[in-house]
Amino acid sequence: MNEPLVSIVIPTKNSAEFLDECLTSVHKQVYKNIEIIIVDGQSKDGTIELAQKHECNIYQFNPNVRKGTFDAPHRRNYGAKKAKGEFVYYVDVDMELTPNVVLDAVCLCDSGYQAVIIPEDSFGIGIWAQAKNLERRCYYGDDSIEAPRFLRKSIWMELGGLDESLGGGGDDWDLHQKLRDKKYTVGRTKSLVMHNEGNLKLKKLVKKRFMYGLDSAKYIKKRPNEGFKSYFPIRKAYIINWKLFLSRPIDTTAFIVMRIVEYLAGFSGISCAFYRHWVRK
């Protein structure tokens, strides 16, 4: 079997808590012709030492952005430029790949798809991790939320990679739209990637959603129709999966609280972004 090289790009910054499990899951892939690219932001917690043990290609890169800005698109693009593989797959450090993920994605591309969505599930400690697990399970097969992270490098370069001005998922969704605009086909693996939420706290979600909110207006402005669907609080996926919510009443209650708080934090981020824009003017 011909096994073209797959480049897995992982941005890190003080990520030792999750990195070992993430890299171990990559090494356990059934598909073996993989290079791992770490794009680090001068970590101080042992991240680099862990990456060295796993024989990764390590690059230091700090994009010139405002503190608190979602800078993952910058790091992902940088890593993709360094990639030697025929395929690029960008992974977050708190993700763990099930063994057949890369093999399934390559096979889908061999069968004619130009990019691939790898659906996400999650696990973690505490009620908020359970609420996030419930949310992710609602999104299986939802193209307004799921987005391709695995694609041919030639297509990545043709499309210009990720839009670095977008955050909060906007960079992922925008890449999906660029693929659609070019009429490229997108497949979906049966294999999952597991998102490790750790001991998830509501405070962390608030901080994250505020940061995402700072950039979400840019995505809505760039792609108003898709932006409205992606950020609208009441999603079709919730209605379709009503039986799932009924089967997990405690998690559902936490989910409702979590989403209300997340949307308030996101709206605060949007408001802050508009205020900054108004002050500069």
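Scroll up for the structure.
Please read all numbers here as calculations on a predicted model, not as lab measurements.

A. How the structure looks around the pairing of strand β3 (residues 57-60). In terms of strand pairing, strand β2 (residues 34-40) meets β3 through 4 bridges, oriented parallel. Following the sheet pairing, isoleucine 37 is matched in β3 by asparagine 57. Between the parallel pair β2 and β3, the chain is carried across by helix α2 (residues 47-53), and the sense of this crossover is right-handed.

B. Main features of the sheet that holds strand β10 (residues 193-199). Read from one edge to the other, the open sheet built from 3 strands follows the order β5-β10-β7, with strand pairing classed as mixed. Each end of this open sheet is capped by a strand with a single partner; those strands are β5 (95-97) and β7 (120-125). Strand-to-strand twist in this sheet, taken as the mean axis angle between neighbours without regard to direction, amounts to 30°. In this sheet, β10 lies alongside β7 in parallel orientation, the contact comprising 5 bridges. Along β10, the bridge assignment pairs phenylalanine 123 with asparagine 196. Along the sheet, helix α1 (residues 16-27) makes contact with β5 and β10, crossing β5 at roughly 20°.

C. How the structure looks around the sheet that holds β2. The strand order across the open sheet built from 7 strands is β3-β2-β1-β4-β8-β6-β9, with neighbouring strands paired in mixed fashion. At either margin of the open sheet sits one strand with a lone partner, and together these are β3 and β9 (186-188). In this sheet, neighbouring strand axes are inclined to one another by 20° on average, regardless of whether the strands run parallel or antiparallel. Docked against the sheet, helix α3 (residues 72-82) engages β1 (6-12), β2, β3 and β4 (87-90), running at close to 145° with respect to β1.

D. Quick peek at the nonpolar core. By size, the foremost hydrophobic cluster in this structure holds 31 residues, and its most contacted members are Val6, Ile8, Ile10, Tyr89, Leu97 and Phe150. The set of elements that each furnish at least two residues to this core consists of β1, α1, β2, α2, β4, β5 and α4 (101-110). Here this core gets 7 residues from one element, more than from any other, and that element is α4. Ignoring any residue separated from it by four or fewer positions in sequence, one finds isoleucine 10 in contact with Cys22, Leu23, Ile36, Ile37, Ile38, Val39, Val91, Asp92 and Val93. One finds Ala129, Ile145, Tyr219 and Met258 within the second-largest nonpolar core, a separate group that totals 20 residues.

E. Quick look at the environment of valine 88. Within the secondary structure, valine 88 sits in strand β4. With 37 residues separating them along the chain, valine 88 and isoleucine 125 place their C-alpha atoms 31 Å apart. Setting aside its immediate chain neighbours within four residues, valine 88 contacts Ser7, Val9, Ala80, Ala83, Arg149, Phe150, Leu151, Lys153 and Trp156.

F. Looking closely at the pattern of salt bridges. Taken as a whole and assessed by the stated rule, the structure comprises 24 salt bridges. A salt bridge links arginine 149 to aspartate 172, with the nearest nitrogen and oxygen atoms 3.6 Å apart. Taken as a pair, arginine 149 in the loop between α5 (127-138) and β8 (150-152) and aspartate 172 in helix α7 (residues 170-181) lie far apart in primary sequence, 23 residues in all. Judged by relative accessible area, arginine 149 falls into the buried class, the value being 11%. Aspartate 251 serves as the salt-bridge partner of arginine 248, at 3.0 Å between the closest nitrogen and oxygen. For the pair arginine 248 and aspartate 251, a shared accessibility class is recorded, and that class is buried.

G. Spotlight on the environment of isoleucine 220. Mapped onto the fold, isoleucine 220 is located in helix α8 (residues 202-222). Assessed through its relative accessible area of 33%, isoleucine 220 is described here as partly exposed. For the pair isoleucine 220 and tyrosine 231, spaced 11 residues apart in sequence, the C-alpha separation works out to 8.7 Å. Residue contacts for isoleucine 220: discarding those within four places in its chain leaves Gly227 and Tyr231.

H. Representation of unusual backbone geometry in the model. Notably, glutamine 42 is not glycine yet its phi reads approximately 60°, a positive angle. Topologically, glutamine 42 is positioned in the loop between β2 and α2. A positive phi angle is found at lysine 183, which is not glycine, with a value near 65°. Relative to the helices and strands, lysine 183 is located in the loop between α7 and β9.

Reading guide: rules and limits
Residues numbered from 1 in each chain as written. Predicted model: local features only at pLDDT ≥ 70, side-chain atom pairs only at ≥ 80, totals over all residues. Heavy atoms only, no water. Pairing = 2+ DSSP bridges. Helix = DSSP H or I, 4+ residues; strand = E, 2+ residues; numbered from the N terminus. Right-handed = clockwise from strand over helix to strand, strands pointing away. Axes fitted to C-alpha atoms, helices over the stretch in contact; angles between N-to-C directions. Contact = heavy atoms within 4.5 Å. Core = buried A, V, L, I, M, F, W, Y, C linked by side-chain atoms within 4.5 Å. Buried < 20%, exposed > 50% of the residue type's maximum accessible area, 1.4 Å probe, protein only. Salt bridge = Lys/Arg side-chain N within 4 Å of Asp/Glu carboxyl O.

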